[in-house]
Amino acid sequence: MSAAPTTADTKPAVTPHATWTIPGDPALTPWAGRRTGPEAIRQSLTAFFAAVEPLAFEVQTMVEADGRVLVPGWYASRFQPSGQVLESEMILRFTVVGGLISDYRVFEDSLGITRTYLGEPLTTTPA
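Residues numbered from 1 in each chain as written. Predicted model: local features only at pLDDT ≥ 70, side-chain atom pairs only at ≥ 80, totals over all residues. Heavy atoms only, no water.

Chemist: Help me out: how do you make sense of the overall build of the chain in this one?
Modeler: Along the chain, the regular secondary structure elements total two helices and seven strands. Ordered by position in the sequence, the α and β elements of the chain form the string β-β-α-β-β-β-β-β-α. A burial count over the chain gives 36% of its 127 residues as buried. Approximately 7,400 Å² of the chain is accessible, and the part contributed by carbon and sulfur atoms is 58%. (Helix = DSSP H or I, 4+ residues; strand = E, 2+ residues; numbered from the N terminus. Buried < 20%, exposed > 50% of the residue type's maximum accessible area, 1.4 Å probe, protein only. Areas by Shrake-Rupley, 256 points an atom, 1.4 Å probe, with all protein chains shown as cover.)

Written out as structure tokens, the structure is:
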């Protein structure tokens, strides 16, 4: 397992009032929720890298329109403390102002992430 990035590695290039939205319940997955400002975003990223070991990450063709960038892709990650691996497609949406991120939102399998993080099964077998 590779070492988790340090706080210095997770310093985001964001505007002072940037919003950072990762769907999910922060009581269940500590990096989830809506954060505002560089310090709150850094805390979310620090919590993410403490719990998630990226195994693979691929992006496809990025699309830019009206100051927003959409980044479709795929990833595989191992979640701690469960040790389970999740593979998922995602779309990252960035709004950029003056070369800095003013808004970020990820569209992904937030239920699958929560279940994997907590060590719950992703699917159930019909009885």
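The structure having been displayed, the exposition proceeds.
Chemist: What's the story with the environment of A47 in this structure? I'm lost.
Modeler: Residue placement: A47 occurs in helix α1 (residues 38-51). Along the chain, A47 and A32 lie 15 residues apart, while their C-alpha atoms are 9.1 Å from each other. Excluding anything up to four places from it in sequence, A47 contacts P30 and W31. (Contact = heavy atoms within 4.5 Å.)

Chemist: Where do I start with helix α2 (residues 110-118) in this structure?
Modeler: Think of an α-helix as turning once every 3.6 residues; residues three or four places apart then point the same way. Taken residue by residue, α2 has G112, I113, T114, T116 and Y117 as its buried positions. Residues of α2 that are buried make contact with α1, β5 (68-79) and β6 (85-97). Taken from the residues just after α2, G119 is the one with a positive phi, measuring 85°.

Chemist: I would appreciate a short explanation of α1 in the present structure.
Modeler: A rise of 1.5 Å per residue sets the reference length of α1, with its 14 residues, at 20 Å; its end C-alpha atoms lie 20 Å apart and thus fit the reference within 8%. All of the buried residues in α1 are A40, I41, S44, L45 and A51. Taken end-on, α1 shows its buried residues confined to a sector of 135°, consistent with a single buried face. Buried residues in α1 make contact with β1 (14-22), β2 (33-36), β3 (52-59), β5 and α2. (Expected span 1.5 Å × (residues − 1). Arc of directions from axis to C-beta.)

Chemist: Would you take a moment to explain the pairing of β6 for this structure?
Modeler: Looking at chain direction, β5 and β6 are connected through 11 bridges and run antiparallel. Its bridge partner lying in β6, P72 is registered against I91. As paired elements, β6 and strand β7 (residues 100-107) share seven bridges and run antiparallel to each other. The residue of β7 that forms the bridge with F94 is Y104. Counting the residues that bridge the hairpin from β6 to β7 gives two residues, and of these G98 lies at a positive phi of roughly 60°. (Pairing = 2+ DSSP bridges.)

Chemist: What should I look at first to understand the nonpolar core in this one?
Modeler: One recurring pattern in soluble globular proteins: nonpolar side chains tend to sit buried together. Grouped together as the largest cluster of nonpolar side chains are 22 residues, with contacts concentrated most on W20, W31, F79, L92, F94 and Y104. Within the residue set of this core, elements represented by two or more residues are β1, α1, β5, β6, β7 and α2. (Core = buried A, V, L, I, M, F, W, Y, C linked by side-chain atoms within 4.5 Å.)

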